[in-house]
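The residues making up each chain are set out below.
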Amino acid sequence: MAAGSVLTFVIVGRDDHPIFEADLTSKASEVVNRDDRAQYLHQFVLHAALDAVDEQIWTTTNMHLAQVDNFNQLRVSAYVTAAQMKFLLLHDGKSEDAIKAFFKDVYEVYLKVMMNPFFTPNTQITSPSVHQRIRAIAKTQLKA
Amino acid sequence: METINSEIFTLMYGSIVRQLITDLEDITEVNKQLDTMGYNIGVRLIDEFLAKSRTAACTDFRDSTEKVAKVGFRMFLNTTANVTNWNPEGTECSLVLEDNPLTDFVELPEGCSKLKYCNVLCGVIRGALEMVNVQVECDFAKDTLRGDELNEIRLKLISEGTEAYPFKDDD
């Protein structure tokens, strides 16, 4: 597994289509040969967590679901918007408050994306500025 | 003056532009169409402007552009523009928009870099001024959506007619 912390953020849309994915660890941009197997494992854990999210949506009226699933050291926290878009964050033990603040800020960014007339809902978010902004949020809220 | 929620307005304009792009499939055609739509708005809007703004008649082109920038934009878009960059002859100038409510939330996708998203404004100005006998050419020179640091509409005076009766006595 890659050295250092794990921090992957995905947005999953309707019918469980991933529409956005970002590795938010600070070294992510530098490391060229990332450990592929770790990446697959992360994807797998996130995918598996979707079932847990689906169950927990109905147990609360909050959009923030806190930690929904874990696998060894990997934890998955989730936030589900009113339109059932799922924000998932794979991490290794960040504080709940920080994650909550992170999701809240990301939601704002996501809203801006949705309001863009050129964005088709439930399609891949490709805008580089969104990547940058989410990375900046991760830096301030999660100290990544 | 009646007002509507600016987000509704922004989103509605956004969907119009998007629909035009899907329908016409060519960015230059879209720019042209937006300009025509603006023109049709402008020729009607000028009456509303004259009826409600209670401004006195303009003395020259300089005066007209000031009115467009300060009163017109305030009335219809709730923003103002600055008139700058006059050429020595006083026939060309730039309207610099401080803030453009039409472009809130908008991010141009790749392949649309030639799109003049707010070209409708050019049409409106052209149409409105034409109705008061001022022929202008209007072009969106700089656009923050395309990476420029400000929104600039370039205005070029072609002719300024004096008011004349459209009929002769012996008709």
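Up top is the structure these notes are about.
Report on the accompanying structure. (Residues numbered from 1 in each chain as written. Chains lettered and ligands numbered in written order. Predicted model: local features only at pLDDT ≥ 70, side-chain atom pairs only at ≥ 80, totals over all residues. Heavy atoms only, no water.)

1. Quick look at the interface of chain A and chain B
Each partner contributes residues to the interface: chain A has ten residues there, and chain B has 14 residues. For the pairing of chain A and chain B, the buried interface totals around 970 Å² over both sides, and the portion due to carbon and sulfur atoms is 63%. It is A:Met115, A:Pro117 and A:Phe118 that lose the most area in chain A upon contact with chain B, and together they represent 69% of the buried surface on that side. On inspection of chain A and its partner chain B, the count reaches one salt bridge. Where chain A packs against chain B, one counts six residue pairs in polar contact (both at pLDDT 80 or more). Elements with a contribution of two residues or more to the side of chain A that touches chain B: α2 (96-115) and α3 (128-142) of chain A. Considering only residue class, the side of chain A that touches chain B consists of four nonpolar, four polar and two charged. (Contact = heavy atoms within 4.5 Å. Buried area = accessible area lost by both parts, 1.4 Å probe. Salt bridge = Lys/Arg side-chain N within 4 Å of Asp/Glu carboxyl O. Polar contact = N/O pair within 3.5 Å; in protein donor to acceptor, adjacent residues only side chain to side chain. Helix = DSSP H or I, 4+ residues; strand = E, 2+ residues; numbered from the N terminus. Nonpolar A, V, L, I, M, F, W, Y, C, P; charged D, E, K, R; others polar.)

2. Focus on the side chain of A:Ser77
Residue and element names in this part refer to chain A. Along the polypeptide, Ser 77 turns up in strand β4 (residues 74-80). Look at Ser 77 and you get buried, because its relative accessible area is 0%. Within polar-contact distance, the side chain of Ser 77 engages the side chain of His 91 at 3.0 Å. In this view, Ser 77 contacts Ala 66, Gln 67, Val 68, Phe 87, Leu 88, Leu 89, His 91, Glu 96, Ile 99 and Phe 103; residues no more than four positions away in its chain are not counted. (Buried < 20%, exposed > 50% of the residue type's maximum accessible area, 1.4 Å probe, protein only.)

3. Some points on the environment of B:Ile46
All names here are of chain B. Residue placement: Ile 46 occurs in helix α2 (residues 27-53). For the pair formed by Ile 46 and Leu 129, sequence separation is 83 residues and the distance between their alpha carbons is 7.7 Å. Leave out the neighbours within four places in its chain, and Ile 46 touches Ala 128, Met 131 and Val 132.

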